[in-house]
Amino acid sequence: MSAPLIQETPPASLLSPTWRWRGVILGVVMLAVWFAGLQSRSLFEPDEGRYAEIAREMFASGDWVMPRFDGFKFYDKPPLQYWATALNYQLFGVHHWTARLWSALAGLLCVLATWYAARRVWGAREGRLSGLVCAGMFLVVAASHITSLDMGVAGFLTAALCAFLIAESGCDTTGSQRRWMLLTWLAMALAVLSKGLIGIVLPGGALFVFMLWKRDWTLLRRVQLLPGLALLLVVTVPWFVLLARRDDQFLSFFFIHEHFGRFLSKVANRNQPWWYYLPIAVVGLLPWTGFLLQSLRVSWQRARHAGDNSAGLVLIYAAVVLLFFSVSGAKLPLYVLPMFPALALLIGRTLPMLTQEMIARRLLWIAIPAALCIPIALALPHMPSLHGAQTAYTALLGPVAVAMAMLAIGTGTGVALARRGRVDVAIAAAAIGGLLFAQGLLFAYQRLSPTTSAQTMATLAKPYIRAETPVYAVQMFYRGLPFYLQRPVTLVDERPYDLLAGIDWEPALQIPDLAGFATSWTAHPGAVAFMPPATLRMLVAQGLSMHVVARTSDTIIVRNDPGIAH
């Protein structure tokens, strides 16, 4: 039989001035680690290169209404992240860290929102623990350091959830409740501008299920429906109207193809089984995976038998997010990201109810496997089957071992502290371990940058490129190439899945076949092209001037230098 749940009170020492200062120091350290590495890693393919470049083209052109990628119209997603990143470029320059800053800030918003909402609704200790859990959660940390749209929408959906919780359970006056409810609508509007209709569908679906479960529709009178809808429309509609007036193809593509088409069909070629997100939840929750089932059980019991509506609402919201994306026809790991801050709230709410030994045991479930992975990662490159084959992936194993060590040390320290009764400090140690673990894996992935980023090939090609030099991407396309070259490139005989619509709308911006490329190439001495080795051999056989100036593992960089043999 498992140990009984107990309600612990925070040790008096945690409330002393000394511990307050230690808390400030802990916060400063975690902030420093949070923002570390934004500049030192190359932009990964394809998402980071794509979204960094869309914002760069917006910044360079001054057109803040129509998003473009490699010169083509790009209507897949709304513009809020592009606006924010273009503003970062304007203020701080075009860098890796400015391209990633919006995601890092959105992730920090998740942490602060979970802390503050739990503090207002459940208490200071629950707030502190919820914030620490969110700050150390693997998927939240990893997504906060990648340029994608998922962290932005997760940040505002989390803000909407937390503002609603405060409005319902953390306000003493009607005026305060009204302000927090309107803040919920504002956060939803910003979520819509981050990634579309899920900014309304997910919170609305969770609220509907909650009212259905409670059989209480009076909540509709408290959500400020009319002023909230007005606020949402004022924030979201102008951009849609402006772009629709400039291009009548926009609305049908955005709403029909990118929303209903992706959800209801396999048009995005991202179909996965219904259980796809279950292993992602297991890994993404690290180092808190061992607390998940207990937290779900406790939250359900409190919601059903103790009348804890706040716990019930968070539980339903997490379930709606998981179910929505599980039945969707398009699945990617970060789509389900909005569920994780909600799970951080549930875990942070449950931790004070667990005994010291229960907390220590669940951290130990993570510490031991993490520690066992360290010698395995270090030994793999020396196995007979891999010895001498120094591939990019074997080079990853050393940094991966370091990342696993951070997780093992953090959770192992948490085990020791929890058994000594210092539960809050134990959670802080595990959170730091989880934060360093996620950052360490991202740094490890940088070892693959020659094949996962366009930075290397762009750097090799830059000495041969001037402002007037035509640049071609022939039968290949790294999304980060325009970003690193600071200019669009001409696609040749290449139709990337994310530019299919843009190419159909503006076919003159690309060259559809190699015959057309041969004509353009011959007419432009000094032109530069990126292509696979097989394509180079084919074009050389046709007699085109192809002078190789550099190469990477899978790409040849050539220059049109007539008279110089290949």
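Look a little higher up for the structure.
What you see is a predicted model, and the numbers here were worked out from it, not measured in a lab.

The rules we used
- Residues numbered from 1 in each chain as written.
- Predicted model: local features only at pLDDT ≥ 70, side-chain atom pairs only at ≥ 80, totals over all residues.
- Heavy atoms only, no water.
- Helix = DSSP H or I, 4+ residues; strand = E, 2+ residues; numbered from the N terminus.
- Buried < 20%, exposed > 50% of the residue type's maximum accessible area, 1.4 Å probe, protein only.
- Polar contact = N/O pair within 3.5 Å; in protein donor to acceptor, adjacent residues only side chain to side chain.
- Contact = heavy atoms within 4.5 Å.
- Axes fitted to C-alpha atoms, helices over the stretch in contact; angles between N-to-C directions.
- Parallel < 35°, antiparallel > 145°, perpendicular 65-115°, else oblique.
- Left-handed = near helix turned anticlockwise from the far one by under 90°.
- Nonpolar A, V, L, I, M, F, W, Y, C, P; charged D, E, K, R; others polar.
- Phe/Tyr/Trp six-rings, centres within 6.5 Å; stacked < 30°, edge-to-face > 60°.
- Lys NZ or Arg CZ within 6 Å of the ring centre and 35° of its normal.
- Core = buried A, V, L, I, M, F, W, Y, C linked by side-chain atoms within 4.5 Å.

Draft legend 1. Representation of the side chain of Asn560. Structurally, the position occupied by Asn560 is in the segment after strand E7 (556–559). Judged by relative accessible area, Asn560 falls into the buried class, the value being 4%. Looking at Asn560, its side chain comes within polar contact range of the main-chain oxygen of Trp521, at 2.6 Å. Ignoring any residue separated from it by four or fewer positions in sequence, one finds Asn560 in contact with Trp521, Thr522, His524, Pro525, Gly526, Ala527 and Ser545.

Draft legend 2. Looking closely at helix H23 (residues 514–522). Every buried residue of H23 is listed here: Leu514, Phe517, Ala518, Ser520 and Trp521. In this structure, the buried side of H23 is in contact with strand E3 (471–474), strand E4 (490–492), strand E5 (528–531), helix H24 (533–541) and E7.

Draft legend 3. Just the packing of helix H16 (residues 356–379) against helix H18 (residues 423–445), in detail. Where H16 meets H18, the closest approach of the two axes is 11 Å, and the angle between their N-to-C directions is 15°. The angle between H16 and H18 places the two elements in the roughly parallel class. Read as a crossing pair, H16 and H18 show a hand that is left-handed. Every residue of H18 that contacts H16 at Gln356, Ile359 and Leu363 is listed here: Val423, Ala426, Ile427 and Ala430. In the contact of H16 with H18, the residues fall into 6 nonpolar, 1 polar and no charged.

Draft legend 4. Here's a closer look at the packing of helix H4 (residues 96–121) against helix H5 (residues 124–135). The interhelical angle for the contact between H4 and H5, taken along N-to-C directions, is 160°, at an axis separation of 7 Å. Accordingly, the angle class assigned to the pair H4 and H5 is roughly antiparallel. You can see that H4 and H5 cross each other, and the crossing is right-handed. Seen from H4, the contacting residues are Cys110, Val111, Thr114, Trp115, Ala118 and Arg119; seen from H5, they are Ala124, Glu126, Gly127, Arg128, Ser130, Gly131, Cys134 and Ala135. Looking at side-chain class alone, the contact of H4 with H5 contains 7 nonpolar, 4 polar and 3 charged residues.

Draft legend 5. Quick peek at the packing of aromatic side chains. Applying the stated criterion across every chain, the model contains 33 aromatic pairs. An angle of 80° between the planes, with centres 5.4 Å apart, marks the rings of Tyr75 and Phe250 as edge-to-face. With Tyr75 in the loop between strand E2 (72–73) and helix H3 (80–92) and Phe250 in helix H11 (residues 250–264), this pair connects stretches of sequence that are 175 residues apart. For Phe250, a relative accessible area of 0% puts it in the buried group. Among the aromatic side chains, those forming a connected cluster through ring pairs are Tyr75, Trp239, Phe240, Phe250, Phe253, Phe254, Phe255 and Trp505. Positioned above the aromatic ring of Tyr51 is the side chain of Arg50, whose terminal nitrogen or guanidinium carbon lies 5.1 Å from the ring centre. Positioned over the ring face of Trp213 is Lys214, at 5.2 Å from the centre of the ring.

Draft legend 6. Summary view of the nonpolar core. In this structure, Trp288, Phe340, Leu351 and Ile359 are the most contacted members of the largest nonpolar core, which totals 125 residues. With 12 residues, helix H7 (residues 150–169) is the single largest residue contributor to this core. The contact partners of Trp288, leaving out residues within four places of it in the chain, are Leu132, Val133, Gly136, Met137, Ile347, Leu363, Ile427, Ala430 and Ala431. Counting 36 residues, the second-largest nonpolar core is a separate cluster that includes Tyr82, Leu485, Leu499 and Val549.

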